[in-house]
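# Coordinates in review
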Amino acid sequence: MMTFEGFNLRGMAMGELVLISKWGGIGLITVFLYGKFRDKVPGSAIDRECLLEMSVDDGDTIGLIIEKLDIMQKDVAHIFLNYQYSTVNRKLHPGDRLAIFPIEMSVLYRQYFVKHDD
Amino acid sequence: MGKFILRLNMNDLSVKKEDVSENYRVLGGRALTSTIISTEVNPTCHPLGPNNKLVFAPGIITGTTAPSSGRLSVGAKSPLTGTIKEANAGGIPGQKMARLGIHAIIVEGQPKEKGKFYILRMTPEVIALEEAGELTGKGMYETNELIWKNYGEGTGIIGIGPAGELLMVNAGISCNDPENGPGRYAGRGGLGAVMGSKGLKAIIIEQKGLGDIAYANPELFKQGQHKLAKGLQEHAVTGQALPTYGTAVLINILNEAGGLPTRNFSSGKFEGASKIGGEVINEWSKTRGGKVGHACHPGCVIKCSNVVNHPDGTFHVSPLEYESAWSLGANCGIDSLDDIAELNRICNDVGLDTIEAGAALGVAMEAGVIPFGDGKKAIELLNEVGKGSPMGRILGNGAAFTGKAFGVVRVPVVKNQAMPAYEPRAVKGIGVTYATSTMGADHTAGYTIATEILSVGGKANPLEAAEKGAMAKGFQTATIFIDATGYCLFIAFAILDLPDAFQGMLDTINGVLGLSYTAEDFNRLGAEWLALERKFNEAAGFTKQDDRLPEFMYYEKLPPHNQVYDVPDEMLDSVHGS
Ligand code: SF4
């Protein structure tokens, strides 16, 4: 099993590269990465969904996941949690779908986003 | 150079120059086309009959050196919606028309000889109608090629393909880009059919000897130009995202927002989204050649346009925009970007609006004519339009007509015009704009979407119905003002965020007109022009009951949000205070 930056490579599923974080936790969330964040997943292709599975603990926030992914918050343009705009403060639960877009795909100014905030 | 209005009477094939009144002098673009239509056209006339008029008007600053300012507006009573209509396009002819001194072209009447087509040829010396001859019946690629061969490279071309000649109500009007591609369309509302009904195949403006625009206050203009250009370059959307990924960057974003209409508006999420968005187009520009950061006319600094190549590196289509990638892609369940590019190429050639064409295909797929997701069959079907076969005529007359032909209930139209690429059940405010715009379902009629998904110029929560009315009105007035100026609507991203860029935009207009418009005028004039359009529609028989979304959206829940459209009618009615 290949290891890099805190993730264990679990293998390919449905043609996508699936990674699982090596920390424990109460369950898994799926993270979808876009633009330059795709580089976080070696072997990811621009024309496929780039996703990884990560474990979360009770009370983990989106901000923590972003930190674990080694992404700077200032490089993030949009976050969608279960298809809703979200702040980094929202808490995650097993089964959640999280999508993160980089600032280069920002067809926006972040301060105007009305984000869901727990 | 003194400005003039050109009146083209197709009854007797005469061309007359008229002076520009002071009232008309300060108008341009959509403000001018809608004012002329309101003044001269009987709202109850048949849009394809002799009493409709077709008006072409460059924007107030079109033809100047202001950034991203080359738009040309086209107006008429729409044969698709029955409302007043303005559609505008980039490309090169608008700038040339303005530099020839043309304030507007008004086309009226109809030639006696049915099926006969003409071209209007313009140079600084000659303005004349000529028989279209061999151009008649030709697709837009060949038409443009022949015109450059016969009249010189760089000639500006405004033309219609077979769909317009055959009077199909999804026919658009093509403007050529700097490489002579026909892909810059004043697409919406069937204005190509109005042009066809006038027997006009093309308007061409030759390159040689064009003059310059007269500036009332050149210093002020220059200052404004500088401020605006700086803002457009600094803003993340206009300076970075649009030139890098083009508008199709929105495919993945809307998909994650659950608002990407999929398989004829039956879902807000498309599993093939990753294959058809701006990231792939950007990647292909490196691996196949082609281009991102393409300008649709000289002087655009945003450059949202692109060139998409075949796998073998040869040219396929330009541009491939968000709305087209969505309508011909996700909306048809098609996830092959090559097939989508081909469908787009067919639209450009035959002369169709891509949004309406994709919506019509989606409805035909819903009816089982061909399966969702089958790109090759979709290409075959769309090719029928140019042949004028019965199936082609059904599709070429738009989504609502196709729905009637096949008994489909889920037809995503307002006032007969297909909705663009933002699902109203996920993005409630855009639904208000679709419902209440003077143009039928139209995303450019009021940029609510900019605040809601793109987060520009205001705050909004897509899933909350409250207070959408006032917001939609505000954006409709802002939009109509920009449409009058000749600026590309995408400057809105920067000017609504950056006060300096906004002032720069006003300075350029004041510099050209010698006026002193302020931000208040921006809203006041926008509201006045909007009221004019509403009045035309009311006189054409439209009431508030027409300002509604299609019924299925009120009872079918849309995944993944599982929401229906729940903005109350009273709120829709409050937009225009009716
Ligand atoms: S931003 Fe895009 S559509 Fe607007 S003028 Fe520039 S290239 Fe044309």
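A few words on the overall build of chain B. Counting its secondary structure elements, chain B contains 24 helices and 17 strands. For chain B, the spread of C-alpha atoms along the three principal axes comes to 60 × 50 × 50 Å. By residue count, 69% of the 578 residues in chain B fall in the buried class. Here the analysis covers contacts within chain B between residues at least 6 apart in sequence; of these, 71% occur between residues at least 24 apart. Total accessible area on chain B is roughly 17,800 Å²; 50% of this is exposed by carbon and sulfur atoms. Across chain B, the mean location of the 52 positive side-chain charges is 2 Å away from that of the 62 negative side-chain charges.

Next up on the list: the pairing of strand β14 (residues 305–309) of chain B. Residue and element names in this part refer to chain B. Extensive coverage of β14 is indicated by the burial of 5 of its 5 residues. Residues of β14 alternate between two faces, with S305, V307 and N309 on one and N306 and V308 on the opposite face, all of them buried. Of the pairings in the sheet, the one linking strand β13 (residues 291–294) to β14 comprises 3 bridges and is antiparallel in character. The partner of V292 across the bridge, within β14, is N306. Summarising the sheet, β14 and strand β15 (residues 315–317) pair through 2 bridges and their orientation is antiparallel. Across the sheet, V308 pairs through a bridge with V317, a residue of β15. The hairpin turn running from β14 into β15, its antiparallel successor, is 5 residues long, and G313 in that turn takes a positive phi close to 90°.

As a further point, take the domain arrangement of chain B. Residues and elements named next belong to chain B. As far as domains go, chain B holds domain 1 (4–205), domain 2 (261–418) and domain 3 (428–577). Contact between domain 2 and domain 3 buries roughly 1,500 Å² in total, counting both sides, with carbon and sulfur atoms accounting for 65%. Contact with domain 3 buries surface across domain 2, with V414, K415 and Q417 losing the most and accounting together for 39% of the total. For the pair domain 2 and domain 3, the interface holds 2 salt bridges.

Next up on the list: unusual backbone geometry. Residue and element names in this part refer to chain B. Across the junction of S318 and P319, the peptide omega takes the value -10°, indicating a cis bond. Mapped onto the fold, P319 is located in the loop between β15 and α11 (322–327). Between P559 and P560 the backbone carries a cis peptide bond, its omega angle lying at 5°. Note on placement: P560 falls in the loop between α23 (552–555) and α24 (569–574). Phi at K415 is positive, roughly 50°, even though this residue is not glycine. Summarising the element assignment, K415 is placed in the loop between β16 (413–414) and β17 (417–418).

Attention now goes to the pattern of salt bridges. All names here are of chain B. One pass over the full model with this rule turns up 38 salt bridges over all chains. Of the charged contacts in the structure, one is a salt bridge between E321 and R184, with a shortest N-O distance of 3.9 Å. Placement of the pair is E321 in the loop between β15 and α11 and R184 in strand β11 (residues 184–186), with a sequence separation of 137 residues. Accessibility expressed as a relative area gives 8% for R184, which makes it buried. Residue K415 is joined to D547 by a salt bridge in which the shortest nitrogen-to-oxygen separation is 2.7 Å.

Cut-offs used in this document
Residues numbered from 1 in each chain as written. Chains lettered and ligands numbered in written order. Predicted model: local features only at pLDDT ≥ 70, side-chain atom pairs only at ≥ 80, totals over all residues. Heavy atoms only, no water. Helix = DSSP H or I, 4+ residues; strand = E, 2+ residues; numbered from the N terminus. Buried < 20%, exposed > 50% of the residue type's maximum accessible area, 1.4 Å probe, protein only. Contact = heavy atoms within 4.5 Å. Areas by Shrake-Rupley, 256 points an atom, 1.4 Å probe, with all protein chains shown as cover. Lys, Arg positive; Asp, Glu negative; His and termini not counted. Charge placed at Lys NZ, Arg CZ, Asp CG, Glu CD. Pairing = 2+ DSSP bridges. Domains from an automatic or database assignment. Buried area = accessible area lost by both parts, 1.4 Å probe. Salt bridge = Lys/Arg side-chain N within 4 Å of Asp/Glu carboxyl O.

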